[in-house]
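# Observations on the three-dimensional arrangement
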Amino acid sequence: MKKFLLMNGPNLNLLGVREPEVYGTVTLADIERETTAYAAERDVLVDCFQSNHEGALIDRLHEARGIYDGIIYNPGAHTHYSYALRDAVSSIDVPTVEVHLSDISTREDFRRVSVIAPVCIAQIKGKGKAGYGEAVDVLLAQVGGF
């Protein structure tokens, strides 16, 4: 059985409350539950983790080596400036898919650039919660589960 880490960064714990006109009313618990169920149908176990702290996210990425076959990661605001998280993703040998609920390429100028995407195997944006399921499929194709 494959094992994936579903990791979400800062402020994503406020989904459903924070800017519903941008992110909708889906909660992080909804995303975690639906992604875990979607993955289970494909014989994949998913562990979920969210933090508002850069260091905790870096530590979890480092710990992923040898444990997970893939990572689904929504870095939140860290997308645009955290070279520390970029380096953490590039330092591990675990394929990672960057996911965003909104289409960051159509938002404010500062949101259009991802420093994380170049070290990921794919970036999925603007598909809402469905993007997380798509990330499961991308990872399965990468690690031989599809």
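Look above for the structure.
The notes below deal with the structure included here. A quick note: this is a predicted structure, and the numbers were derived from the prediction, not measured. The written sequence of each chain sets the order in which its residues are numbered from 1. Local features in this predicted model are restricted to residues of pLDDT 70 or higher, and side-chain atom pairs are both shown and tallied only at a pLDDT of 80 or more, whereas totals for entire chains, interfaces and linings draw on every residue. Hydrogen atoms and water are omitted, and side-chain values are computed over all heavy atoms in the structure.

Any two of the Phe, Tyr and Trp rings considered here, Trp counted by its six-membered ring, make a pair once their centres fall within 6.5 Å; the pair's planes then place it as stacked at under 30 degrees, edge-to-face at over 60, or tilted in between. Within this structure, the stated rule accounts for zero aromatic pairs. Directly above the aromatic system of Y38 lies the positively charged group of R42, at a separation of 3.5 Å from the ring centroid. Geometrically, a charge over a ring is one whose NZ (Lys) or CZ (Arg) sits within 6 Å of the ring centre while staying within 35 degrees of the ring normal.

With that out of the way, let us pick up the environment of G70. You can see G70 is positioned in strand β3 (residues 70-74). Taking C-alpha positions, G70 is 10 Å from V44, a pair spaced 26 residues apart along the chain. Look past the residues within four positions of G70 in its chain and what remains in contact with it is K3, F4, L5, V94, P95 and L139. Helix and strand assignments come from DSSP, with helices taken as H or I runs of at least 4 residues and strands as E runs of at least 2, each series counted from the N terminus. The contact definition used throughout considers only heavy atoms, calling two residues in contact when any of these lie within 4.5 Å.

Relative to the helices and strands, D137 is located in helix α5 (residues 130-143). Residue classification places D137 among the buried positions, given a relative accessible area of 18%. A 3.5 Å cut-off defines polar contacts: any pair of N or O atoms within that distance qualifies, except that in protein one atom must be a possible hydrogen donor and the other a possible acceptor, and neighbouring residues in sequence count only when both atoms are side-chain atoms. Here the side chain of D137 touches R42 through a polar contact of 3.3 Å, side chain to side chain. Only protein chains enter the area calculation, which uses a 1.4 Å probe; residues under 20% of their type maximum are buried, those over 50% are exposed, and those in between are partly exposed.

Here we come to the packing of helix α3 (residues 54-63) against helix α4 (residues 83-91). Only C-alpha atoms enter the line fits that serve as axes; for helices the fit covers just the stretch in contact. Angles between N-to-C directions range over 0 to 180 degrees. Close contact between α3 and α4 brings their axes to 9 Å; oriented N to C, the two are set at 5°. With respect to each other, α3 and α4 are oriented roughly parallel. On the side of α3, the interface is formed by E54, L57, I58, L61 and H62, while α4 contributes A84, L85, A88 and V89. Along the lines of polarity and charge, the residues of the contact of α3 with α4 split into seven nonpolar, one polar and one charged. By definition in this entry, angles of less than 35 degrees are roughly parallel, angles greater than 145 are roughly antiparallel, angles of 65 to 115 are roughly perpendicular, and the rest are oblique. Ten residue types, Ala, Val, Leu, Ile, Met, Phe, Trp, Tyr, Cys and Pro, are classed as nonpolar, four, Asp, Glu, Lys and Arg, as charged, and the remainder, Gly among them, as polar.

Relative to the helices and strands, S105 is located in the loop between β4 (96-100) and β5 (122-125). Between the C-alpha atom of S105 and that of G126, which follows or precedes it by 21 residues, the distance is 8.9 Å. Apart from residues no more than four positions distant in its own chain, S105 is found in contact with R112 and K125.

Turning our eyes to something else, we now look at unusual backbone geometry. Phi angles above zero are rare outside glycine, and N11 is one such case at about 75°. Looking at the secondary structure, you find N11 in the loop between β1 (2-8) and α1 (20-23). On the basis of relative accessible area, N11 is assigned to the partly exposed category, the value being 32%. For D43, which is not glycine, the phi dihedral falls at a positive 65°. With respect to the helices, strands and loops of the structure, D43 is situated in the loop between α2 (28-40) and β2 (44-50).

When we look at burial in α4, the residues that qualify are L85, A88 and V89. Projected down its long axis, α4 shows its buried positions confined to an angular sector of 95°, all on one face. Exposed positions of α4 whose direction lies more than 90 degrees from the buried face are Y83 and S91. Those residues of α4 that are buried lie in contact with α3, β3 and β4. Note: the arc covers the axis-to-C-beta directions of the helix.

This part covers the sheet that holds β5. A pair of strands is labelled paired if DSSP reports no fewer than 2 bridges between them. Strands sit in the order β2-β1-β3-β4-β5 across an open sheet of five strands; the sheet is parallel. Strands with a single pairing partner mark the edges of an open sheet, and in this sheet they are β2 and β5. The mean inter-strand angle of the sheet, taken between neighbouring strand axes irrespective of direction, is 20°. Across five bridges, the pairing between β1 and β3 is parallel. Paired with F4 across the two strands is G70, which belongs to β3. The strands touched by α3 are β1, β2 and β3; relative to β1, the strand with the most contacts, the crossing angle is about 170°.

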